[in-house]
Number of protein chains: 2
Amino acid sequence: MAANTRQKLLDAAESLFSQQGITTTPLRQITELAGANLAAVNYHFGSKLGLAREVLRRRLDELNSERLKRLDQLEAQDDKPATLDQLLEALIEPALIMSRDDALGGMRFVRLLARAYAENDRELHRFLREHYSHVMRRFARAMSQALPEMDAANLRWHLDFVIGALTYAMADFTGHFSHMNQIHIDAKTIAQHLVRFAAAGLSAADAAAAPSTPTGTARTLLGG
Amino acid sequence: MAANTRQKLLDAAESLFSQQGITTTPLRQITELAGANLAAVNYHFGSKLGLAREVLRRRLDELNSERLKRLDQLEAQDDKPATLDQLLEALIEPALIMSRDDALGGMRFVRLLARAYAENDRELHRFLREHYSHVMRRFARAMSQALPEMDAANLRWHLDFVIGALTYAMADFTGHFSHMNQIHIDAKTIAQHLVRFAAAGLSAADAAAAPSTPTGTARTLLGG
DNA sequence: GTCTATATGTAGATAGAC
DNA sequence: GTCTATCTACATATAGAC
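Every value quoted in this text rests on a predicted model; they were computed, and no experiment measured them. (Residues numbered from 1 in each chain as written. Chains lettered and ligands numbered in written order. Predicted model: local features only at pLDDT ≥ 70, side-chain atom pairs only at ≥ 80, totals over all residues. Heavy atoms only, no water.)

(A) Region of the structure containing empty space enclosed by the protein. Residues and elements named next belong to chain B. Tallied over the entire structure, the rule returns seven cavities of 30 Å³ or more. Considered as a void within the structure, the second largest cavity measures approximately 80 Å³ in volume. Taken together, 13 residues form the lining of the second largest cavity, with V110, L113, Y132, L166 and T167 sitting closest to its centre. Only α4 (48-76), α6 (105-118) and α9 (152-171) provide two or more residues apiece to the lining of the second largest cavity. In the lining of the second largest cavity, the residues fall into 11 nonpolar, one polar and one charged. (1 Å grid on protein atoms, 1.4 Å probe; cavity = no way out; pocket = protein on both sides within 12 Å on 5 of 7 lines; lining within 4 Å. Points joined across faces, edges and corners; volume = space filled by probe spheres on them. Helix = DSSP H or I, 4+ residues; strand = E, 2+ residues; numbered from the N terminus. Nonpolar A, V, L, I, M, F, W, Y, C, P; charged D, E, K, R; others polar.)

Next up, the structure:
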């Protein structure tokens with residue numbers, strides 16, 4: 001049962017990596033959970049890094065193809081261009097509802113992703129960049145139509161704010177900032193809140209970037 | 001020169017931990033950079049964890065006392081309560097302008113903080129919680145006056161979005177999402193953008209939480 | 001306080017039988 | 001494909017001389 005062992009190793013590694021981080025998780029713990037032999041990792045994946053890469057690749061491909069599918073649908077209706085809300089939904093929701101069976105599966109994956117970023121392994125970073133950046137570029141281009149005043153650089157690092165809010169808050173590293181797992185809100189609700197939060201933030205940035213804005217439309221919303 | 005060695009170890013550890021992570025950085029590398037002996041770490045800090053704790057404590061105390069100082073000032077002027085923008089500035093700016101000499105020093109610290117969260121060490125997490133949560137609680141309480149419609153839980157995990165955007169974007173784990181170090185924007189400018197982003201997002205969440213809101217004030221800003 | 005030398009544990013990887 | 005046994009390297013921590 002070659003494929004079976006391979007799958008078990010991937011599942012065990014994903015679970016442990018997301019809880020403990022990649023470098024911190026020993027191979028022996030993975031093989032024990034998978035019910036496999038230590039040498040099987042090197043046989044199937046060449047090295048620990050090879051295993052980590054494959055764990056991430058599985059999910060990233062799934063996540064990105066879902067995001068791009070939604071983006072394609074939005075761009076197909078070319079009589080009316082996609083709204084910022086719709087684009088943000090296409091970016092955020094797939095990250096949170098990836099797992100059919102487990103409502104928290106998506107969050108586990110996002111946590112894994114956050115941990116992968118925190119690792120200092122250069123090869124791992126290059127690998128993630130290759131599997132990620134083209135998606136972000138497409139979304140940035142689509143959003144620039146809904147945010148006409150922001151230039152490319154400005155939009156790109158405001159998108160960092162969005163990705164940061166998504167990654168960090170969902171990752172719930174310590175459980176003391178975020179109380180989501182206690183309250184047990186479902187992923188879709190969280191996505192809606194984050195979409196609204198991000199849309200308002202991006203719109204305010206766009207309004208502020210406009211040269212001839214009277215005082216800044218969004219700022220008057222605040223308790224000033 | 002006991003104090004000297006101690007300081008050198010702390011500085012070297014802070015630099016290396018922020019670049020490579022805590023568990024991934026060997027003590028030997030720290031002592032080499034500090035020009036100290038391996039055994040000095042255990043003499044001065046008891047263990048590697050003790051060293052990591054002290055590295056974080058230095059900066060956290062500095063950061064939190066600066067944040068609380070600003071919050072105190074805002075609350076002292078009790079004829080008019082602090083605006084959301086002012087509160088967010090008090091929360092965000094100190095994280096980015098902590099280092100006098102180096103404009104990027106603040107970011108290096110935030111990156112270290114993000115890495116510390118990614119570590120799975122329980123004692124380290126408990127330590128961070130003890131040095132952090134009371135500050136967040138005070139800010140949450142102050143903000144709840146500027147955001148009257150949100151309940152405590154709602155506000156708390158929307159603040160997670162803010163902290164996430166701050167931490168993750170500033171940390172610049174991989175350098176491919178964020179291009180800040182290339183563009184070289186100064187910390188204060190970034191803080192201003194993040195304050196506006198967060199203020200708009202929180203205001204939108206507050207408006208949406210209001211039971212009798214017509215359609216949601218902030219939503220009409222978007223391209224709907 | 002600072003050093004050398006070392007104890008002790010555990011990591012990832014592999015050789016080779018089955 | 002899967003196993004046992006083991007190699008090699010490096011980690012933290014400490015004992016004890018100076």
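(B) Looking closely at the side chain of R67 of chain B. Residue and element names in this part refer to chain B. Mapping R67 onto the fold places it in helix α4. For the buried R67, which has no salt bridge, the nearest side chain bearing the opposite charge is E66, at an N-O separation of 9.4 Å. Setting aside its immediate chain neighbours within four residues, R67 contacts A90, L91, P94, A95, Y132, V135, F139 and L166. (Buried < 20%, exposed > 50% of the residue type's maximum accessible area, 1.4 Å probe, protein only. Lys, Arg positive; Asp, Glu negative; His and termini not counted. Salt bridge = Lys/Arg side-chain N within 4 Å of Asp/Glu carboxyl O. Contact = heavy atoms within 4.5 Å.)

(C) Examining the nonpolar core more closely. Ranked by size, the top nonpolar core spans 138 residues in total, and within it L88 and M143 of chain A together with L88 and M143 of chain B carry the most contacts. Excluding residues within four positions of it along the chain, L88 of chain B makes contact with E93, M143, V162, V195, A198, A199 and L202 of chain B. (Core = buried A, V, L, I, M, F, W, Y, C linked by side-chain atoms within 4.5 Å.)

(D) The arrangement of the packing of aromatic side chains in detail. Applying the stated criterion across every chain, the model contains three aromatic pairs over all chains. The interplanar angle of 85 degrees and the centroid separation of 5.8 Å between the aromatic rings of F197 of chain A and F197 of chain B together place this pair among those described as edge-to-face. Taken together, the residues F197 of chain A in helix α11 (residues 187-209) and F197 of chain B in helix α11 (residues 187-209) connect one chain to another. There is no split in this pair, since F197 of chain A and F197 of chain B are both buried. An aromatic cluster is defined as three or more aromatic residues linked by ring pairs; in this entry it consists of F161 and F197 of chain A together with F161 and F197 of chain B. (Phe/Tyr/Trp six-rings, centres within 6.5 Å; stacked < 30°, edge-to-face > 60°.)

(E) Focus on α11 of chain A. Its 23 residues give α11 of chain A an end-to-end C-alpha distance of 32 Å, which sits within 8% of 33 Å, the value for a rise of 1.5 Å per residue. The buried fraction of α11 of chain A is high, at 18 of 23 residues. (Expected span 1.5 Å × (residues − 1).)

(F) Region of the structure containing the pattern of salt bridges. Summed over all chains, the structure comprises 26 salt bridges over all chains. Put simply, E14 of chain A and R59 of chain A hold a salt bridge, and the shortest N to O gap is 2.5 Å. Here E14 of chain A, found in helix α1 (residues 2-20), pairs with R59 of chain A, found in helix α4 (residues 48-76); they are 45 residues apart in sequence, far enough to count as distant. On the basis of relative accessible area, R59 of chain A is assigned to the partly exposed category, the value being 21%. Between R59 of chain B and E62 of chain B there is a salt bridge, with the nearest N and O atoms lying 3.4 Å from each other. Pair noted here: R59 of chain B and E62 of chain B are both in helix α4, with a separation of three residues, about one helical turn. E62 of chain B gets classed as partly exposed once you look at its relative accessible area, which sits at 31%. Through salt bridges with shared partners, a single ionic network connects D11, E14, R58, R59 and E62 of chain A.

(G) Expanded view of the environment of E123 of chain B. In this structure, E123 of chain B sits in helix α7 (residues 122-130). In this view, E123 of chain B contacts L49 and R53 of chain B; residues no more than four positions away in its chain are not counted.

(H) Seen up close, the confidence of the model for chain A. All names here are of chain A. On average, residues of chain A score 82 in pLDDT, and 80% of them reach the 70 mark or higher. Within the model, pLDDT remains below 50 along residues 173-184, and this stretch shows 35 contacts once partners closer than five positions in the same chain are excluded. Counting interchain partners and residues more than four positions distant, the pLDDT-below-50 stretch residues 215-224 has 16 contacts. (pLDDT = per-residue confidence, 0-100.)

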